[in-house]
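What follows is the residue order along each chain.
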Amino acid sequence: MSTIPIPKEEFDIYDQKIFWSSKRIARMAIFIAMCAVGSMIKVPSPTGTVALDAAFAFFSAVAFGWREGAIVAALGHMLTALTTGFPLGLPMHLFISIQMAVWVTIFDITAKNIHLWFGAVLAVILNGPISSLLVIPIGGFGLFAALILPLTIGGFINVFIACTAYLIIQKSRMV
Amino acid sequence: MLIDYYPSNSFIHSLDVRTKILGFFIVTVTAFVFLSPVINLLLVLITTLILLSMRTPFNKVKQIIKPLLPIFLIMLLITGFTYPAEKFQLDVNKQILFYLMPDNTLPFSTGGIFYGLTLTLRILIMVIASTIVTFSTPIEDIIQLMQKMKMPYQLAFVIATGIRFIPTMQKKSEMIQEAQRARGTEFGNKGLIGNIKGYIPVLIPMIVDSIRMSENLAIAMLNRGFGAYKTATNLHEIKMTKKDYIICFAELVVLIAAIWANTENVGVM
Amino acid sequence: MNTGKLERGSVIVDLEKYLYPESSKAALKKINFKINKGEFIGVLGRTGSGKTTSLMLMNGLIPHFFEGDLTGSVVVNTMNTQRYRVQTLARFIGLVMQDSETQIFGITVEKDTSFGPSNLNYSKEKIKELIKKSLSLVGLSGFEKRITTELSGGEKQRLAIAGVLAMEPEIIVLDEPTSELDPSGRAEIFRVLSEIRKEENVTVIISGHDSEEMLDFADRIIILDEGEVVWQGKPQDLFKDVFLTEKYGIRPIESAEISNVFHNSNSNDSKIFLHSEGLIEYLKGQLENYSVKNATHKVSIFPKQKKTVIEAIGLSFGYRKNEAALHQINLRINKGEFVAIIGKNGAGKTTFSKHLNGLLRPTSGQVQINGRDIQSVSTSELSREVGYVFQNPDHQIFSATVKEEVEYGLKNMNLSKPEIEEKVTRVLEFVGLKDYQDRHPFTLGKGERQKLAVASILVMEPGILVIDEPTTGQDWDGTKRMMTMMKELNQKGHTILTITHNLRLAAEYADRIIVFSNGKVVLEGTPPEVFSQEKILESASISLPESVKIGKSLFELGFKSGLITVNQIKEQLLENLSLINVN
Ligand SMILES: Nc1ncnc2c1ncn2[C@@H]1O[C@H](COP(=O)(O)OP(=O)(O)OP(=O)(O)O)[C@@H](O)[C@H]1O
Ligand SMILES: Nc1ncnc2c1ncn2[C@@H]1O[C@H](COP(=O)(O)OP(=O)(O)OP(=O)(O)O)[C@@H](O)[C@H]1O
Ligand SMILES: [Mg+2]
Ligand SMILES: [Mg+2]
């Protein structure tokens, strides 16, 4: 019987217990891809079509915790932007993706500690009016006015779908 | 492919990703330093010329910019009406063209429209400059740059794998939408709440399928030894050449010149 | 106790039981076997019998990834799997899972193959060498720069194999690698595997439902049932025993099933043949000087109405410009027919059938359903006339209970509450899901989810049912149940159009077979008519089922023509059994 040499380093890491478990890495990868895919699904609304890009990030947060949700939100937005060629320019998208991560985190923490639908309402407010306020330094009041309505409605649709889906899927104990 | 990288043998393509990112950063800063639209117009011209020199499909750029035009128009108009004219330093800009409402309310100033123009041009510059980077840089280079910047290896892997899965998940999404349409689901034209409800039968199978797939993916990662070590071998390394150092130097010169010009009151309004 | 020799490339499993986390039923119990270096092992068994679980046990996914409750030990390549991480074991034992899509990590073939060795921190030069070698072993040399998402199903599966080969394992384990492939793709995978075993002397362990290939390639078969090893031995011994295959839900070999009519429990079983050639040879010897008595049995084709319900006229379609996926299809399907569409992967079967309910619209030509051109009719309106059951039930299930799922289609039709209630109850009873109506659909097994998908279409009472590959990945019992259900629906008056790679099913159940090849209909007719056109079938890469080959030889021996199914042949042979010298 020959002995099999195993490099020392391999014994050190125990992946199932840490944050970066293979399961979580795989799930994040698939969910950020879904964000990009969701952005190609267009729901008609009074202010033009709304893309379902953020729904997967909000879902990911309530189902798998805010840390995972925040990473999915940020990377998901960057990937979405990448597939469309950074339509607002790289810095703007970096800014939005950090914002998304923060909103998703606040959403998950309030949804878990207060109530799911309270978190949802807060998320819509953050995603709509507050996000629009934050672009004033870049695009002035004009951009604010152009964005507030579509962002609020878009946020509403995405958050509503994520929460409804969560309530149904939760019953199967898959998450 | 979904990712807008277009191989070509242009000069820009031959540069290292770091040179391009630095250039991008400097163009953006310059666009924000000056208030006058003239300089930003010049920057739009320069970036467009660079983009054209890459011989990549120009149509794609038009497609990106087209949906922005209504937003630009709203920005122009609203800034024109609302920006307080007395804040401008130059007299031309203080001039008020007309009032929208009687009793001198909602003045429309030249300065306002110029400032609105500066704002829209800034966004346009960022868009064109981003396009230059994404069109000319393979995604692996960007991921490697992130790793060089000490981003965790796992995060880089998440991004690369996410990109790999976009077409797969896109196909899944189409199949799910077809399956629901075959059961009589109609998307759209049912009012806001009706529309949202119509998409629940699509979103739930998409999420459930994603979770199932991610479990299989995690298993496949372990089967292929993912996580055996803290990092993995890179088959292709990004490298700075002499050309890159020269261009980087030139870029820094431009940055310093821009900041100096700004302190000397060039391009104020 | 198992007393196998501990050597590299061997697997020794000595397991008391294994339970998945939060599960109260053991998925595996009393598993004891030993696999030697260089063996080719087939693992067979019903759906849910524990094939996947036992394969995941071998590379340490159990207990490292799925923790659960494990008693016993597994020693692979002289290493106890409980003491090593999966990533470490991966150097010695490569596992290829069923779903090829989730095993592809790279955007290009080359990049993907490098994933394993680069995780092991091999040097660039070594990785390049390994890529070259493993791609050539699976026959993908020259594919290095190809985009992985654009590969065909068979190529993806071979790439997945190359991915683990690049890590130079001593054992390679494959879980149902062929379930999505057509017969020629399936044979190709087995051929590649036996080639690899010969060249690299690796141990190969493969699970699946491919009886013919298991017979031809495996050295030994292990049968699992209800989580236990119930039988081990030579494939010939298994497939000669039709009762054994029946008992464990394994699809029998057609020749064996037919020659079973000669079986005499007193004598030895030498008259059981595993290949049609042997059986034909035997029959020739026995029947040489006799004149055959042809039984005049009821012909199972009952009168069909002549009303055309589906008509395609000059139908052409392309997903991209200048690339036709369908060329000039002219077809007519009558009310009450049971039609099977066959053809190799990518022939255009699914593309064609999606035109029948308007999911795809012809580039030129037209489709008529019940006599009207559907060009401007919406899919949701057509869903009442044409029901379409997709291959993957999980693409449509979204409700929190089975009942709600079935109701959904009716709600789209704006029916009244009691009407909905009544129809749902009737359909759930028909498919046998009545007892599950309040269960969460995601907690059902694969077979039940498939039934649920059928039920949710059936409830809308469409006259025409299109069912795309309903038996893929199902075991033999599930396959027969599904086909019986389709036959029942057909007898109730539904026109059935099904796509299948299983020619035996097409021969047994369909009134008519349509053969697609390269986006064209190359052949259509009753099963005997279609199977008599060997040349055309061959050009469409379709090889004849064994039973058809036997039927042909019987015709040459004086039997009546058109014997194509196992049952027809058995019937005829039984009729003439006295002629055949059985002792
Ligand atoms: N992740 C899991 N958690 C709990 N139970 C599981 C899990 N996976 C499988 N099982 C159960 O373990 C048993 C064996 O399943 P396994 O998947 O090994 O069967 P299989 O023979 O591979 O079936 P198939 O032919 O459908 O692939 C089944 O009863 C199944 O329900
Ligand atoms: N959505 C799509 N976009 C582009 N091409 C497609 C698409 N779907 C199928 N094709 C191509 O059209 C051809 C016919 O495909 P189709 O799916 O109809 O084959 P099939 O006979 O159903 O094969 P299988 O047995 O693998 O299901 C193939 O070459 C396939 O690659
Ligand atoms: Mg299995
Ligand atoms: Mg198909």
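None of the values given here were measured: they were computed from a predicted structure.

Attention shifts here to the overall build of chain C. Looking only at helices and strands, chain C features 23 helices and 20 strands. For a compact globule of 583 residues, the expected C-alpha radius of gyration is about 25 Å, and chain C comes in at 26 Å, within 12% of that figure. By its C-alpha atoms, chain C is 70 × 65 × 50 Å across when sized along the principal axes. Looking at chain C as a whole, 60% of its 583 residues qualify as buried. In chain C, of all internal contacts separated by at least 6 residues, the share reaching a separation of at least 24 is 67%. Taken as two groups, the 71 positive and 76 negative side-chain charges of chain C have centres that lie 1 Å from each other.

Residues and elements named next belong to chain C. Close contacts around ligand 1 come from Y20, A27, R46, T47, G48, S49, G50, K51, T52, T53, F66 and E176, and that covers them all. One of the backbone nitrogen or oxygen atoms of S49 is found 3.3 Å away from an oxygen atom of ligand 1. A distance of 2.8 Å separates an oxygen atom of ligand 1 from a polar atom in the backbone of K51. Protein contacts shield 65% of the accessible area of ligand 1, which totals 630 Å² for the unbound molecule.

Glancing now at the packing of aromatic side chains. The description of an aromatic ring pair uses the distance of the two centres, along with the angle that the planes make with each other. Considering all chains together, one arrives at 26 aromatic pairs over all chains under this definition. Relative to C:F115, the ring of B:F157 has its centre 5.6 Å away and its plane inclined at 20°; by these criteria the two rings are stacked. Here the residue B:F157 occupies a position in helix 9 (residues 153-181), and C:F115 occupies one in helix 4 (residues 109-119), the pair thus bridging two chains. Feature note: the residues A:F31, A:F56, A:F59, A:F64 and A:Y166 constitute an aromatic cluster, connected by ring pairs.

Another aspect to go through is the nonpolar core. Ranked by internal contacts, the top residues of the largest apolar core, which has 209 residues, are A:F59, A:F107 and C:I205. With 17 residues, the top contributor of residues to this core is helix 10 (residues 191-223) of chain B. Setting aside residues no more than four positions away along its own chain, A:F59 makes contact with A:F31, A:F64, A:A162, A:A165, A:Y166, A:I169, A:V175, B:I207 and B:I211. The next biggest cluster of nonpolar side chains, apart from the first, holds 53 residues, and it includes C:A90, C:M167, C:V202 and C:L215.

As a further point, take the interface of chain B and chain A. With 62 residues of chain B in contact, the opposing surface of chain A contributes 64 residues. Between chain B and chain A, a total of about 5600 Å² is buried, with carbon and sulfur atoms accounting for 83% of that surface. Along the contact surface separating chain B from chain A lie one salt bridge. A salt bridge links B:E215 to A:K23, with the shortest nitrogen-to-oxygen separation between them at 4.0 Å. Looking at the side of chain B that touches chain A, the elements that each hand over two or more residues are helix 2 (17-33), helix 5 (69-82), helix 7 (110-136), helix 9 and helix 10 of chain B. The dominant element in the side of chain B that touches chain A, judged by the number of residues it contributes, is helix 10 of chain B, at 21 residues. Residue composition of the side of chain B that touches chain A, by class: 42 nonpolar, 15 polar and five charged.

On to the pattern of salt bridges, then. Residues and elements named next belong to chain C. This model, assessed by the stated rule, comprises 44 salt bridges over all chains. The residue E212 makes a salt bridge to R251 at a minimum N-O spacing of 3.3 Å. Separated by 39 residues along the polypeptide, E212 in helix 8 (residues 211-217) and R251 in the loop between helix 10 (242-247) and helix 11 (254-259) bring together distant segments of the chain. Residue class for E212 comes out partly exposed when judged on its relative accessible area of 23%. The closest approach of N and O atoms between E323 and R320, which form a salt bridge, is 3.5 Å. Residue class for R320 comes out exposed when judged on its relative accessible area of 56%.

What follows is about the sheet that holds strand 11 (residues 308-320) of chain C. One open sheet holds the four strands; their spatial order is 12-11-14-15 (chain C), and the pairing between them is antiparallel. Both outer strands of the open sheet, strand 12 (323-334) and strand 15 (372-373) of chain C, are each paired with one neighbouring strand and no more.

What follows concerns the interface of chain B and chain C. In this complex, chain B contributes 50 residues to the contact, which on the side of chain C involves 63 residues. On the chain B side of the contact with chain C, B:R183, B:R224 and B:L235 bury the most area, a combined 20% of that side's loss. On the surface where chain B and chain C come into contact, there are five salt bridges. The salt bridge involving B:E178 is made with C:K354; its shortest N-O contact spans 2.8 Å. Here chain B and chain C share 22 residue pairs in polar contact (both at pLDDT 80 or more) between them. Where the side of chain B that touches chain C is concerned, the elements lending two or more residues are helix 9 and helix 10 of chain B. Among the elements that line the side of chain B that touches chain C, the one with the most residues is helix 10 of chain B, at 16 residues. Along the lines of polarity and charge, the residues of the side of chain B that touches chain C split into 26 nonpolar, eleven polar and 13 charged.

Looking now at helix 2 (residues 55-64) of chain A. Across the ten residues of helix 2 of chain A, ten count as buried, placing the element largely inside the fold. Those residues of helix 2 of chain A lying buried are A:A55, A:F56, A:A57, A:F58, A:F59, A:S60, A:A61, A:V62, A:A63 and A:F64. Residues of helix 2 of chain A that are buried make contact with helix 1 (22-38), helix 3 (66-83), helix 4 (90-113), helix 5 (116-134) and helix 6 (136-170) of chain A together with helix 10 of chain B.

This part takes up the site of ligand 2. Residues and elements named next belong to chain C. Lining the immediate environment of ligand 2, one finds 13 residues, of which N345, G346, K349, T350 and T351 sit closest. In this structure, T351 approaches ligand 2 through a side-chain N or O atom, which is 2.4 Å from an oxygen atom. H501 places a polar side-chain atom, nitrogen or oxygen, 3.1 Å from an oxygen atom of ligand 2. Protein coverage of the free-state accessible area of ligand 2, which is 630 Å², stands at 63%. Elements that contribute at least two residues to the shell around ligand 2 include exactly strand 11 and helix 13 (349-353). In terms of residue count, helix 13 provides more of the shell around ligand 2 than any other element does, three residues in total. The class makeup of the residues in the shell around ligand 2 is three nonpolar, six polar and four charged.

The next thing to look at is the confidence of the model for chain A. Confidence in the prediction for chain A averages 86 pLDDT; 90% of positions are at 70 or higher. Within chain A, helix 2 of chain A carries the highest mean pLDDT (96), whereas strand 1 (residues 42-43) of chain A carries the lowest (87).

Right, let's get into a nonpolar patch on the surface. All names here are of chain B. A surface patch of nonpolar side chains, amounting to about 360 Å² of accessible area, comprises L42, L45, I46 and I50. Along the polypeptide, I46 turns up in helix 3 (residues 37-53). We classify I46 as partly exposed; its relative accessible area is 44%.

Calculation criteria
- Residues numbered from 1 in each chain as written.
- Chains lettered and ligands numbered in written order.
- Predicted model: local features only at pLDDT ≥ 70, side-chain atom pairs only at ≥ 80, totals over all residues.
- Heavy atoms only, no water.
- Helix = DSSP H or I, 4+ residues; strand = E, 2+ residues; numbered from the N terminus.
- Rg over C-alpha atoms; globule rule 2.2 N^0.38 Å.
- Buried < 20%, exposed > 50% of the residue type's maximum accessible area, 1.4 Å probe, protein only.
- Contact = heavy atoms within 4.5 Å.
- Lys, Arg positive; Asp, Glu negative; His and termini not counted.
- Charge placed at Lys NZ, Arg CZ, Asp CG, Glu CD.
- Near = heavy atom within 4 Å.
- Polar contact = N/O pair within 3.5 Å; in protein donor to acceptor, adjacent residues only side chain to side chain.
- Areas by Shrake-Rupley, 256 points an atom, 1.4 Å probe, with all protein chains shown as cover.
- Phe/Tyr/Trp six-rings, centres within 6.5 Å; stacked < 30°, edge-to-face > 60°.
- Core = buried A, V, L, I, M, F, W, Y, C linked by side-chain atoms within 4.5 Å.
- Buried area = accessible area lost by both parts, 1.4 Å probe.
- Salt bridge = Lys/Arg side-chain N within 4 Å of Asp/Glu carboxyl O.
- Nonpolar A, V, L, I, M, F, W, Y, C, P; charged D, E, K, R; others polar.
- Pairing = 2+ DSSP bridges.
- pLDDT = per-residue confidence, 0-100.
- Patch = residues over 30% accessible without salt bridge, like charges linked within 9 Å, V, L, I, M, F, W, Y side chains within 5 Å.

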